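# Residue-level structural notes
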Amino acid sequence: METTDAFTGLSCVDCGEAFDPETATHRCPDCDGILDPAYDLDRIDLAPEDLADRPFESMWRYAELLPFARDAAVSLGEGATPLVECPALADAMDVGRVLLKDEGANPTGTFKDRGQSLATTAARQHGAEEVALNSAGNAGQAAAAYAARADLDAHVFLPSRAGFTQKAMTEVHGADLTVTDPVDGDSQIGDAGRAYAAAMADHPDWYSTKTFVTPYRHEGKKTMALELLEQLDWEAPDGVVYPTGGGVGLVGMHKAAREVRELGWTDELVPMYAAQAAGCAPVVDASESGADRHEPVPDDEIDTACNGIAIPDPGASPLILDALRESDGGAVATTDREIFDAAIEVARAEGLEVGATCAAAVSGAFALAESGEFGPDDTVVLLNTGAGNKDVDALRAHLGEREVAAEGEVNE
Ligand SMILES: Cc1ncc(COP(=O)(O)O)c(C=O)c1O
Ligand SMILES: [Zn+2]
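In this text the structure is predicted, and so the values were computed from the model without any measurement.

Calculation criteria
Residues numbered from 1 in each chain as written. Chains lettered and ligands numbered in written order. Predicted model: local features only at pLDDT ≥ 70, side-chain atom pairs only at ≥ 80, totals over all residues. Heavy atoms only, no water. Helix = DSSP H or I, 4+ residues; strand = E, 2+ residues; numbered from the N terminus. Rg over C-alpha atoms; globule rule 2.2 N^0.38 Å. Contact = heavy atoms within 4.5 Å. Areas by Shrake-Rupley, 256 points an atom, 1.4 Å probe, with all protein chains shown as cover. Axes fitted to C-alpha atoms, helices over the stretch in contact; angles between N-to-C directions. Parallel < 35°, antiparallel > 145°, perpendicular 65-115°, else oblique. Left-handed = near helix turned anticlockwise from the far one by under 90°. Nonpolar A, V, L, I, M, F, W, Y, C, P; charged D, E, K, R; others polar. Donors = N, O, S within 2.8 Å, 3.2 Å for Na, K, Ca; no water. Tetrahedral: all angles 85-135°; square planar, octahedral: opposite > 155°, others 65-115°. Pairing = 2+ DSSP bridges. Near = heavy atom within 4 Å. Polar contact = N/O pair within 3.5 Å; in protein donor to acceptor, adjacent residues only side chain to side chain.

### Details of the overall build of the protein
In terms of helices and strands, the protein carries 13 helices and 13 strands. Scaling as 2.2 N^0.38, a compact globule of 412 residues should have a C-alpha radius of gyration of about 22 Å, and the protein matches this with 20 Å. By its C-alpha atoms, the protein is 70 × 50 × 40 Å across when sized along the principal axes. Look at the contacts in the protein between residues 6 or more apart in sequence, and 72% of them connect residues 24 or more apart. Total accessible area on the protein is roughly 16,400 Å²; 43% of this is exposed by carbon and sulfur atoms.

### A word on the packing of helix H3 (residues 112-125) against helix H7 (residues 217-231)
Put simply, H3 and H7 touch, their axes get as near as 7 Å, and they point 130° apart. Taken together, the axis directions place H3 and H7 in an arrangement best described as oblique. By crossing handedness, the relation of H3 to H7 is classed as right-handed. Of the residues in H7, those in contact with Lys112, Arg114, Gly115, Gln116, Leu118 and Ala119 of H3 are Arg217, Glu219, Gly220, Lys221, Thr223, Met224 and Glu227. Its residues assigned to classes, the contact of H3 with H7 shows three nonpolar, four polar and six charged.

### Some words on the coordination of the zinc ion (ligand 2)
The zinc ion (ligand 2) binds to the protein through Cys12 (SG), Cys15 (SG), Cys28 (SG) and Cys31 (SG), with metal-donor distances spanning 2.3 Å. Taken together, the four donor atoms surrounding the zinc ion (ligand 2) define angles of 99 to 118° at the centre, an arrangement classified as tetrahedral. If you list the donors of the zinc ion (ligand 2) from N- to C-terminus, the spacing comes out as C-x2-C-x12-C-x2-C.

### So, the sheet that holds strand E2 (residues 18-19)
Ordered in space as E2-E1-E3, the three strands form an open sheet in which the pairing is antiparallel. A single partner strand is all that each edge strand has here, and the edge strands are E2 and strand E3 (35-39). Where strand E1 (residues 7-12) and E3 come together, five bridges link them in antiparallel fashion. Note that in E3 the partner of cysteine 12 across the bridge is leucine 35.

### Considering the site of ligand 1
Around ligand 1, a shell composed of 16 residues is seen, among which Asn138, Tyr242, Gly245, Gly247 and Thr385 lie nearest. Residue glycine 247 places a main-chain N or O atom 2.6 Å away from an oxygen atom belonging to ligand 1. Between ligand 1 and valine 248, the relevant distance is 3.1 Å, taken from an oxygen atom to a main-chain nitrogen or oxygen of the residue. If ligand 1 stood free it would expose 400 Å²; the protein chains cover 95% of that surface. Elements with a contribution of two residues or more to the shell around ligand 1: strand E10 (239-243) and helix H8 (248-262).

Everything listed is a geometric property; what it means functionally is a separate question.
Here you go:
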(Lines give C-alpha, C1' and ligand atoms only; values in the text may rest on other atoms or scores of the structure.)
(Ligands and ions follow the chains in the order given, each with its own letter.)
Protein backbone atom coordinates (compact mmCIF):
# COMPACT_ATOMS: atom_id res chain seq x y z
CA MET A 1 0.00 0.00 0.00
CA GLU A 2 1.16 3.51 -0.74
CA THR A 3 0.94 4.97 2.77
CA THR A 4 2.53 8.09 4.21
CA ASP A 5 5.55 8.12 6.55
CA ALA A 6 3.77 9.15 9.71
CA PHE A 7 0.74 6.83 9.34
CA THR A 8 1.32 4.02 11.83
CA GLY A 9 -1.90 2.03 11.45
CA LEU A 10 -5.48 1.87 12.71
CA SER A 11 -6.48 2.17 16.32
CA CYS A 12 -9.84 1.02 17.71
CA VAL A 13 -11.67 3.82 19.50
CA ASP A 14 -13.38 1.26 21.77
CA CYS A 15 -10.83 -1.41 22.74
CA GLY A 16 -7.67 0.58 21.93
CA GLU A 17 -6.13 -2.29 19.96
CA ALA A 18 -3.87 -1.36 16.99
CA PHE A 19 -4.27 -2.95 13.55
CA ASP A 20 -2.38 -3.19 10.29
CA PRO A 21 -4.26 -1.20 7.62
CA GLU A 22 -3.31 -3.78 4.97
CA THR A 23 -5.49 -6.40 6.62
CA ALA A 24 -7.90 -4.42 8.82
CA THR A 25 -10.01 -2.61 6.26
CA HIS A 26 -13.14 -1.53 8.12
CA ARG A 27 -14.42 -1.95 11.73
CA CYS A 28 -12.35 -3.43 14.56
CA PRO A 29 -11.77 -7.18 13.99
CA ASP A 30 -11.88 -7.74 17.78
CA CYS A 31 -14.82 -5.67 19.03
CA ASP A 32 -16.44 -4.08 15.94
CA GLY A 33 -15.51 -0.58 17.18
CA ILE A 34 -14.66 2.31 14.86
CA LEU A 35 -11.10 2.22 13.56
CA ASP A 36 -9.21 5.50 13.51
CA PRO A 37 -6.04 6.19 11.51
CA ALA A 38 -3.09 6.86 13.86
CA TYR A 39 0.12 8.79 13.26
CA ASP A 40 3.53 9.30 14.73
CA LEU A 41 3.46 13.08 14.56
CA ASP A 42 7.23 13.25 15.14
CA ARG A 43 7.63 11.76 11.68
CA ILE A 44 5.67 14.57 9.99
CA ASP A 45 8.13 16.49 7.90
CA LEU A 46 5.96 19.50 7.16
CA ALA A 47 5.54 23.01 8.56
CA PRO A 48 3.06 25.82 7.86
CA GLU A 49 5.76 27.63 5.82
CA ASP A 50 6.03 24.62 3.47
CA LEU A 51 2.30 24.71 2.93
CA ALA A 52 2.41 28.39 2.09
CA ASP A 53 4.62 27.47 -0.89
CA ARG A 54 2.17 24.87 -2.21
CA PRO A 55 -0.67 25.73 -4.57
CA PHE A 56 -4.07 25.78 -2.88
CA GLU A 57 -5.64 23.31 -5.27
CA SER A 58 -6.92 20.25 -3.42
CA MET A 59 -7.09 18.61 0.01
CA TRP A 60 -4.17 16.42 -0.99
CA ARG A 61 -1.80 19.29 -0.25
CA TYR A 62 -2.06 17.99 3.34
CA ALA A 63 -1.12 14.42 2.35
CA GLU A 64 1.54 14.18 5.08
CA LEU A 65 -1.33 14.30 7.60
CA LEU A 66 -3.36 11.67 5.72
CA PRO A 67 -2.84 7.89 5.49
CA PHE A 68 -2.23 7.63 1.75
CA ALA A 69 0.38 9.21 -0.47
CA ARG A 70 -0.66 11.90 -2.87
CA ASP A 71 0.35 9.77 -5.87
CA ALA A 72 -2.18 7.14 -4.80
CA ALA A 73 -5.08 9.60 -4.53
CA VAL A 74 -8.38 9.09 -6.30
CA SER A 75 -9.02 12.78 -6.70
CA LEU A 76 -11.33 15.17 -8.52
CA GLY A 77 -9.68 18.28 -7.08
CA GLU A 78 -11.81 18.21 -3.90
CA GLY A 79 -11.19 20.69 -1.09
CA ALA A 80 -9.30 23.98 -1.36
CA THR A 81 -12.65 25.69 -0.84
CA PRO A 82 -12.98 29.41 -0.08
CA LEU A 83 -13.46 30.93 3.36
CA VAL A 84 -15.67 33.88 2.58
CA GLU A 85 -16.04 36.97 4.78
CA CYS A 86 -19.71 37.69 5.65
CA PRO A 87 -19.87 41.24 7.04
CA ALA A 88 -23.66 41.55 6.83
CA LEU A 89 -24.12 38.36 8.84
CA ALA A 90 -21.52 39.53 11.39
CA ASP A 91 -23.52 42.74 11.83
CA ALA A 92 -26.80 40.90 12.14
CA MET A 93 -25.30 38.44 14.64
CA ASP A 94 -23.43 41.14 16.52
CA VAL A 95 -20.14 39.27 16.47
CA GLY A 96 -16.68 40.36 15.31
CA ARG A 97 -16.42 38.29 12.14
CA VAL A 98 -18.44 35.66 10.34
CA LEU A 99 -16.70 33.50 7.76
CA LEU A 100 -18.37 30.90 5.63
CA LYS A 101 -16.35 27.85 4.61
CA ASP A 102 -17.97 27.12 1.29
CA GLU A 103 -17.93 23.40 0.65
CA GLY A 104 -20.40 23.94 -2.17
CA ALA A 105 -17.29 24.55 -4.29
CA ASN A 106 -16.44 20.82 -4.25
CA PRO A 107 -16.68 18.68 -7.41
CA THR A 108 -20.10 17.17 -6.57
CA GLY A 109 -21.15 20.21 -4.55
CA THR A 110 -20.59 19.00 -0.99
CA PHE A 111 -17.91 18.24 1.61
CA LYS A 112 -18.72 14.54 1.10
CA ASP A 113 -16.17 14.58 -1.71
CA ARG A 114 -13.32 14.81 0.79
CA GLY A 115 -14.36 11.64 2.58
CA GLN A 116 -15.09 9.77 -0.62
CA SER A 117 -11.76 10.77 -2.12
CA LEU A 118 -9.93 9.14 0.78
CA ALA A 119 -12.27 6.15 1.17
CA THR A 120 -12.17 5.39 -2.57
CA THR A 121 -8.38 5.70 -2.47
CA ALA A 122 -8.40 3.08 0.31
CA ALA A 123 -10.76 0.88 -1.72
CA ARG A 124 -8.35 0.94 -4.63
CA GLN A 125 -5.37 0.29 -2.36
CA HIS A 126 -7.18 -2.79 -1.05
CA GLY A 127 -7.89 -4.04 -4.56
CA ALA A 128 -11.67 -3.60 -4.35
CA GLU A 129 -13.71 -3.74 -7.53
CA GLU A 130 -17.10 -2.70 -6.17
CA VAL A 131 -17.94 -0.18 -3.47
CA ALA A 132 -21.22 0.16 -1.57
CA LEU A 133 -22.86 2.41 0.97
CA ASN A 134 -26.15 3.83 2.14
CA SER A 135 -26.44 7.56 2.53
CA ALA A 136 -28.87 10.41 3.04
CA GLY A 137 -28.05 11.50 -0.52
CA ASN A 138 -24.92 13.59 -0.97
CA ALA A 139 -22.44 10.90 0.06
CA GLY A 140 -24.12 8.53 -2.40
CA GLN A 141 -23.66 10.98 -5.23
CA ALA A 142 -20.04 11.56 -4.21
CA ALA A 143 -19.38 7.81 -3.97
CA ALA A 144 -20.76 7.35 -7.48
CA ALA A 145 -18.48 10.10 -8.81
CA TYR A 146 -15.30 8.81 -7.15
CA ALA A 147 -16.08 5.21 -8.13
CA ALA A 148 -16.39 6.40 -11.74
CA ARG A 149 -13.04 8.17 -11.41
CA ALA A 150 -11.39 5.01 -9.99
CA ASP A 151 -13.13 2.73 -12.50
CA LEU A 152 -14.99 0.83 -9.76
CA ASP A 153 -18.62 -0.22 -9.67
CA ALA A 154 -20.73 1.50 -7.01
CA HIS A 155 -23.90 0.34 -5.25
CA VAL A 156 -25.73 3.22 -3.59
CA PHE A 157 -28.73 2.83 -1.25
CA LEU A 158 -30.79 5.97 -0.61
CA PRO A 159 -34.06 6.60 1.22
CA SER A 160 -36.97 7.87 -0.85
CA ARG A 161 -36.68 11.22 0.94
CA ALA A 162 -33.23 11.89 -0.62
CA GLY A 163 -33.22 14.80 -3.07
CA PHE A 164 -33.86 14.46 -6.79
CA THR A 165 -30.41 15.86 -7.68
CA GLN A 166 -28.63 13.31 -5.51
CA LYS A 167 -30.62 10.37 -6.91
CA ALA A 168 -30.27 11.57 -10.49
CA MET A 169 -26.53 12.27 -10.37
CA THR A 170 -25.82 8.93 -8.67
CA GLU A 171 -27.24 7.29 -11.80
CA VAL A 172 -25.65 9.78 -14.17
CA HIS A 173 -22.27 8.68 -12.77
CA GLY A 174 -23.20 5.10 -13.61
CA ALA A 175 -23.79 3.71 -10.12
CA ASP A 176 -26.35 1.06 -9.32
CA LEU A 177 -28.98 3.00 -7.31
CA THR A 178 -31.50 1.46 -4.93
CA VAL A 179 -34.11 3.83 -3.49
CA THR A 180 -35.98 2.24 -0.60
CA ASP A 181 -39.75 2.22 -0.79
CA PRO A 182 -41.74 4.81 1.11
CA VAL A 183 -43.06 3.54 4.47
CA ASP A 184 -45.86 5.69 5.98
CA GLY A 185 -44.58 8.65 4.00
CA ASP A 186 -40.98 8.77 2.80
CA SER A 187 -38.44 6.12 3.76
CA GLN A 188 -35.58 7.20 6.02
CA ILE A 189 -31.83 6.65 6.20
CA GLY A 190 -32.37 3.61 8.47
CA ASP A 191 -34.47 1.91 5.76
CA ALA A 192 -31.67 2.51 3.26
CA GLY A 193 -29.22 1.14 5.85
CA ARG A 194 -31.18 -2.10 6.19
CA ALA A 195 -31.36 -2.56 2.39
CA TYR A 196 -27.60 -1.94 2.18
CA ALA A 197 -26.88 -4.42 5.00
CA ALA A 198 -28.98 -7.12 3.32
CA ALA A 199 -27.16 -6.57 0.01
CA MET A 200 -23.75 -6.60 1.75
CA ALA A 201 -24.60 -9.96 3.31
CA ASP A 202 -25.24 -11.33 -0.19
CA HIS A 203 -22.07 -9.74 -1.65
CA PRO A 204 -19.11 -10.26 0.68
CA ASP A 205 -16.74 -8.82 -1.94
CA TRP A 206 -18.38 -5.38 -1.94
CA TYR A 207 -16.15 -2.83 -0.23
CA SER A 208 -18.01 -0.48 2.11
CA THR A 209 -17.38 3.25 1.92
CA LYS A 210 -20.07 3.88 4.52
CA THR A 211 -19.58 6.45 7.27
CA PHE A 212 -17.56 5.14 10.24
CA VAL A 213 -17.55 1.66 8.67
CA THR A 214 -14.55 2.66 6.57
CA PRO A 215 -11.91 4.33 8.78
CA TYR A 216 -11.24 6.91 6.07
CA ARG A 217 -14.30 9.12 5.67
CA HIS A 218 -13.80 11.18 8.84
CA GLU A 219 -10.10 11.18 8.09
CA GLY A 220 -10.67 12.95 4.77
CA LYS A 221 -12.86 15.53 6.52
CA LYS A 222 -9.89 16.53 8.66
CA THR A 223 -8.77 18.63 5.74
CA MET A 224 -11.68 21.07 6.27
CA ALA A 225 -10.14 22.12 9.58
CA LEU A 226 -6.59 22.13 8.21
CA GLU A 227 -7.69 24.45 5.44
CA LEU A 228 -9.71 26.83 7.52
CA LEU A 229 -6.94 27.09 10.11
CA GLU A 230 -4.43 27.79 7.37
CA GLN A 231 -6.83 30.37 5.88
CA LEU A 232 -6.90 32.01 9.34
CA ASP A 233 -3.08 31.96 9.63
CA TRP A 234 -3.25 29.12 12.15
CA GLU A 235 -5.26 31.20 14.60
CA ALA A 236 -8.19 29.16 15.97
CA PRO A 237 -11.59 30.83 15.51
CA ASP A 238 -13.93 31.18 18.51
CA GLY A 239 -16.34 28.69 17.07
CA VAL A 240 -17.07 26.49 14.08
CA VAL A 241 -20.77 25.79 13.70
CA TYR A 242 -21.38 22.55 11.87
CA PRO A 243 -24.68 21.04 10.58
CA THR A 244 -24.45 17.69 12.30
CA GLY A 245 -25.97 14.41 11.17
CA GLY A 246 -23.64 11.45 11.67
CA GLY A 247 -20.95 13.85 12.89
CA VAL A 248 -18.31 12.65 10.44
CA GLY A 249 -17.12 16.14 9.55
CA LEU A 250 -17.21 17.38 13.12
CA VAL A 251 -15.23 14.44 14.47
CA GLY A 252 -12.72 14.72 11.61
CA MET A 253 -12.22 18.45 12.08
CA HIS A 254 -11.73 18.05 15.81
CA LYS A 255 -9.14 15.37 15.19
CA ALA A 256 -7.24 17.69 12.85
CA ALA A 257 -7.38 20.51 15.40
CA ARG A 258 -5.85 18.19 18.00
CA GLU A 259 -3.13 17.06 15.64
CA VAL A 260 -2.05 20.56 14.58
CA ARG A 261 -2.04 21.70 18.19
CA GLU A 262 0.22 18.79 19.04
CA LEU A 263 2.43 19.76 16.11
CA GLY A 264 2.63 23.28 17.56
CA TRP A 265 1.02 24.91 14.50
CA THR A 266 -1.84 26.30 16.63
CA ASP A 267 -2.10 27.11 20.33
CA GLU A 268 -5.70 26.16 20.87
CA LEU A 269 -8.35 23.67 19.87
CA VAL A 270 -11.23 24.89 17.74
CA PRO A 271 -14.53 25.09 19.70
CA MET A 272 -16.89 22.87 17.74
CA TYR A 273 -20.65 23.47 17.79
CA ALA A 274 -23.11 20.87 16.52
CA ALA A 275 -26.15 22.43 14.86
CA GLN A 276 -29.19 20.22 14.32
CA ALA A 277 -32.82 20.61 13.28
CA ALA A 278 -35.26 20.62 16.21
CA GLY A 279 -37.19 17.88 14.40
CA CYS A 280 -34.25 15.45 14.73
CA ALA A 281 -31.74 16.52 17.36
CA PRO A 282 -30.36 13.45 19.16
CA VAL A 283 -26.89 15.01 19.57
CA VAL A 284 -28.24 18.28 20.97
CA ASP A 285 -30.47 16.36 23.40
CA ALA A 286 -27.55 14.24 24.59
CA SER A 287 -25.28 17.26 24.90
CA GLU A 288 -27.87 19.14 26.95
CA SER A 289 -28.52 16.22 29.28
CA GLY A 290 -24.79 15.55 29.74
CA ALA A 291 -25.15 12.01 28.36
CA ASP A 292 -22.20 10.14 26.83
CA ARG A 293 -24.27 8.89 23.91
CA HIS A 294 -27.53 9.76 22.17
CA GLU A 295 -31.00 8.26 22.47
CA PRO A 296 -32.23 7.31 18.97
CA VAL A 297 -35.14 9.33 17.59
CA PRO A 298 -37.90 6.93 16.37
CA ASP A 299 -38.31 7.15 12.58
CA ASP A 300 -41.93 8.26 12.86
CA GLU A 301 -40.85 11.20 15.01
CA ILE A 302 -38.34 12.63 12.50
CA ASP A 303 -39.77 15.99 11.56
CA THR A 304 -37.39 18.01 9.41
CA ALA A 305 -36.99 18.70 5.71
CA CYS A 306 -33.19 18.90 6.11
CA ASN A 307 -32.16 15.57 4.60
CA GLY A 308 -28.46 15.51 5.50
CA ILE A 309 -29.13 15.99 9.20
CA ALA A 310 -32.23 13.79 9.44
CA ILE A 311 -30.04 11.17 11.12
CA PRO A 312 -31.97 9.71 14.06
CA ASP A 313 -29.37 7.22 15.25
CA PRO A 314 -25.83 8.60 14.83
CA GLY A 315 -23.67 5.64 15.90
CA ALA A 316 -20.59 7.79 16.53
CA SER A 317 -22.36 10.10 18.99
CA PRO A 318 -19.83 9.35 21.78
CA LEU A 319 -17.09 10.73 19.54
CA ILE A 320 -19.18 13.79 18.63
CA LEU A 321 -20.03 14.51 22.27
CA ASP A 322 -16.38 14.08 23.29
CA ALA A 323 -15.35 16.55 20.60
CA LEU A 324 -17.92 19.13 21.75
CA ARG A 325 -16.79 18.86 25.36
CA GLU A 326 -13.06 18.66 24.76
CA SER A 327 -13.10 21.66 22.42
CA ASP A 328 -15.32 23.67 24.77
CA GLY A 329 -17.98 24.04 22.10
CA GLY A 330 -21.64 23.17 22.33
CA ALA A 331 -24.81 22.12 20.55
CA VAL A 332 -27.86 23.96 19.29
CA ALA A 333 -31.14 23.06 17.62
CA THR A 334 -33.32 25.42 15.56
CA THR A 335 -36.63 24.89 13.79
CA ASP A 336 -36.97 24.21 10.07
CA ARG A 337 -38.54 27.61 9.63
CA GLU A 338 -35.50 29.29 11.24
CA ILE A 339 -33.17 27.13 9.15
CA PHE A 340 -34.85 27.90 5.83
CA ASP A 341 -35.20 31.59 6.68
CA ALA A 342 -31.46 31.61 7.40
CA ALA A 343 -30.68 30.07 3.99
CA ILE A 344 -32.64 32.85 2.34
CA GLU A 345 -31.03 35.53 4.50
CA VAL A 346 -27.53 34.35 3.50
CA ALA A 347 -28.51 34.27 -0.17
CA ARG A 348 -29.91 37.81 0.03
CA ALA A 349 -27.54 39.52 2.47
CA GLU A 350 -24.29 37.95 1.23
CA GLY A 351 -25.10 36.48 -2.19
CA LEU A 352 -23.89 33.08 -1.01
CA GLU A 353 -25.83 29.88 -1.62
CA VAL A 354 -26.22 27.50 1.30
CA GLY A 355 -28.06 24.20 1.18
CA ALA A 356 -31.15 23.62 3.32
CA THR A 357 -29.33 21.22 5.64
CA CYS A 358 -26.31 23.51 5.78
CA ALA A 359 -28.37 26.53 6.81
CA ALA A 360 -28.84 24.85 10.21
CA ALA A 361 -25.30 26.09 10.89
CA VAL A 362 -26.41 29.64 10.13
CA SER A 363 -29.61 29.63 12.19
CA GLY A 364 -27.70 27.74 14.91
CA ALA A 365 -25.00 30.45 14.97
CA PHE A 366 -27.67 33.14 15.28
CA ALA A 367 -29.19 31.27 18.23
CA LEU A 368 -25.78 30.85 19.87
CA ALA A 369 -24.98 34.55 19.45
CA GLU A 370 -28.39 35.44 20.83
CA SER A 371 -27.77 33.30 23.91
CA GLY A 372 -24.44 35.05 24.55
CA GLU A 373 -22.24 32.12 23.50
CA PHE A 374 -20.61 34.36 20.84
CA GLY A 375 -19.73 37.98 21.54
CA PRO A 376 -18.74 41.14 19.63
CA ASP A 377 -15.05 40.19 19.41
CA ASP A 378 -15.58 36.63 18.29
CA THR A 379 -14.76 35.06 14.94
CA VAL A 380 -17.40 32.54 13.96
CA VAL A 381 -16.99 30.07 11.09
CA LEU A 382 -20.11 28.64 9.45
CA LEU A 383 -19.50 25.34 7.76
CA ASN A 384 -21.54 25.41 4.58
CA THR A 385 -21.35 21.69 3.88
CA GLY A 386 -23.02 21.89 0.47
CA ALA A 387 -24.22 24.02 -2.38
CA GLY A 388 -27.62 25.71 -2.29
CA ASN A 389 -28.55 24.30 -5.66
CA LYS A 390 -28.55 20.77 -4.22
CA ASP A 391 -31.78 21.67 -2.43
CA VAL A 392 -33.55 24.05 -4.79
CA ASP A 393 -36.96 22.43 -4.35
CA ALA A 394 -36.93 22.77 -0.56
CA LEU A 395 -35.66 26.36 -0.67
CA ARG A 396 -38.17 27.43 -3.34
CA ALA A 397 -41.02 25.73 -1.45
CA HIS A 398 -40.10 27.74 1.63
CA LEU A 399 -40.21 30.98 -0.34
CA GLY A 400 -43.66 29.98 -1.53
CA GLU A 401 -44.80 29.33 2.05
CA ARG A 402 -43.49 32.73 3.10
CA GLU A 403 -45.40 34.40 0.28
CA VAL A 404 -48.62 32.63 1.28
CA ALA A 405 -48.09 33.57 4.95
CA ALA A 406 -47.39 37.22 4.02
CA GLU A 407 -50.54 37.38 1.87
CA GLY A 408 -52.53 35.89 4.75
CA GLU A 409 -51.29 38.67 7.03
CA VAL A 410 -52.23 41.37 4.49
CA ASN A 411 -55.73 39.91 4.13
CA GLU A 412 -56.34 39.73 7.87
C1 LIG B 1 -25.06 18.82 3.14
C2 LIG B 1 -24.83 17.99 4.36
N3 LIG B 1 -24.48 18.58 5.50
C4 LIG B 1 -24.26 17.89 6.63
C5 LIG B 1 -24.40 16.51 6.66
C6 LIG B 1 -24.13 15.80 7.94
O7 LIG B 1 -22.82 15.30 7.92
P8 LIG B 1 -22.09 14.59 9.10
O9 LIG B 1 -22.31 13.14 8.97
O10 LIG B 1 -20.66 14.94 8.93
O11 LIG B 1 -22.64 15.11 10.38
C12 LIG B 1 -24.75 15.83 5.48
C13 LIG B 1 -24.87 14.36 5.48
O14 LIG B 1 -25.52 13.76 4.68
C15 LIG B 1 -24.97 16.59 4.30
O16 LIG B 1 -25.31 15.99 3.15
ZN1 LIG C 1 -11.85 -2.86 19.11
